[in-house]
Amino acid sequence: MVTIENHIGKISVSEKCLTELIRNAVCSCFGVADVSSITAFRSAVSALTGERFCKSKGVAVHIDKNGSLSVDLHIKVTYGTNISAAVKSITHKVTFTVEDTVGINVNKINVYVDDMNC
């Protein structure tokens, strides 16, 4: 559960809801064919480091002890897509969607292009 406090009151959002919100924003971006699965290795690393980690298909949300939000995205792009333009579009859309819908500031977004759909 992600909880933030502001001048209006306390906001609590489940991590599953947050990952699905991010996943839908990513899938609607131009050039994204699909999202890829997150490896078991990444899940094991987060368990060993004690980092709070919620994963959905292709989306990993990390919440640090100070409440900052980091997102890892594993995507599959369509053939012929300008990857740097697609990544820039994804980072802007995810940041805007999370900050506008939930009100949580996004600290960092890592986009990993794992595959290409021909």
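All values reported here derive from a predicted model rather than from experimental measurement.

Student: Which parts of the structure should I look at to understand the overall build of the protein?
Tutor: In terms of helices and strands, the protein carries three helices and seven strands. The long-range fraction of contacts in the protein, counting pairs at least 24 apart against all pairs at least 6 apart in sequence, stands at 58%.

Student: What is the right way to read the pairing of strand S6 (residues 69-78) from this model?
Tutor: Put simply, side chains in a regular strand alternate between the two faces of the sheet. Within S6, eight of the 10 residues are buried, leaving the element largely enclosed by the surrounding structure. Pairing analysis gives three bridges linking strand S3 (residues 32-35) to S6, with the strands arranged antiparallel. Considered in S6, the bridge of aspartate 34 is made with lysine 76. Two elements, strand S5 (residues 59-63) and S6, share five bridges in a ladder whose sense is antiparallel. Across the sheet, the residue bridging to valine 59 is leucine 73, located in S6. With respect to chirality, the unit in which S6 leads through helix H3 (residues 83-101) into the neighbouring parallel strand S7 (residues 106-117) is right-handed.

Student: I tried to follow the packing of helix H1 (residues 15-27) against H3 on my own but got confused; where do I start?
Tutor: Axes are the key here: two packed helices are described by the angle between their axes and the distance separating the axes. Where H1 contacts H3, the two axes come as close as 9 Å, and the packing angle between them is 140°. In terms of axis orientation, H1 runs oblique to H3. The two elements H1 and H3 meet at a crossing, and its hand is right-handed. Taken together, the residues of H3 that come into contact with H1 (itself represented by Leu18, Leu21, Ile22, Ala25 and Val26) are Ile90, Lys93, Val94, Thr97, Val98 and Thr101. Residues of the contact of H1 with H3, tallied by class, amount to eight nonpolar, two polar and one charged.

Student: Could you clarify how one ought to interpret the state of the cysteines in this entry?
Tutor: Two cysteines, two sulfur atoms, one covalent bond between them: this is a disulfide. One pass over the structure, following the stated rule, counts zero disulfides. Note on cysteine 29: no disulfide assigned, nearest cysteine sulfur contributed by cysteine 27 at a separation of 8.8 Å. Of the residues examined, cysteine 29 reaches a relative accessible area of 6% and is grouped as buried.

Student: How should the environment of threonine 101 be read in this particular structure?
Tutor: Mapping threonine 101 onto the fold places it in helix H3. Sequence separation between threonine 101 and leucine 18 is 83 residues; the distance between their C-alpha atoms is 9.8 Å. Side-chain polar atoms of threonine 101 contact the backbone oxygen of threonine 97, separated by 2.8 Å.

Calculation notes
The numbering scheme is per chain: residues are counted from 1 as the chain's sequence reads. Local features in this predicted model are restricted to residues of pLDDT 70 or higher, and side-chain atom pairs are both shown and tallied only at a pLDDT of 80 or more, whereas totals for entire chains, interfaces and linings draw on every residue. Note that the side-chain values use all heavy atoms of the structure and ignore hydrogens as well as water. Runs of H or I in DSSP of at least four residues are treated as helices and runs of E of at least two as strands, each being numbered from the N terminus. Pairs of residues are marked as contacts when any of their non-hydrogen atoms sit within 4.5 Å. Whether a residue is buried, partly exposed or exposed follows from its accessible area with a 1.4 Å probe, protein chains only, as a fraction of its type maximum: under 20%, in between, or over 50%, in that order. Note: two strands are recorded as paired if DSSP finds a minimum of 2 bridges between them. By the criterion used throughout, a crossover qualifies as right-handed when its path from the first strand across the helix to the second strand runs clockwise, the strands pointing away from the viewer. A fitted line through C-alpha atoms represents every axis, and for helices the fit uses only the stretch in contact; the resulting angles, taken between N-to-C directions, go from 0 to 180 degrees. Any angle that falls under 35 degrees is termed roughly parallel, while one over 145 is termed roughly antiparallel, one within 65 to 115 roughly perpendicular, and all others oblique. Handedness of a helix crossing follows the sense of rotation of the near helix relative to the far helix, less than a right angle counterclockwise being left-handed and clockwise being right-handed. Each residue gets one label: Ala, Val, Leu, Ile, Met, Phe, Trp, Tyr, Cys and Pro are nonpolar, Asp, Glu, Lys and Arg are charged, and the others, such as Gly, are polar. By convention in this document, the label disulfide applies to cysteine sulfur atom pairs within 2.5 Å. Counting of polar contacts relies on pairs of N or O atoms within 3.5 Å, with two restrictions inside protein: one atom must be capable of donating a hydrogen and the other of accepting it, and residues adjacent in sequence are counted only when both atoms are side-chain atoms.

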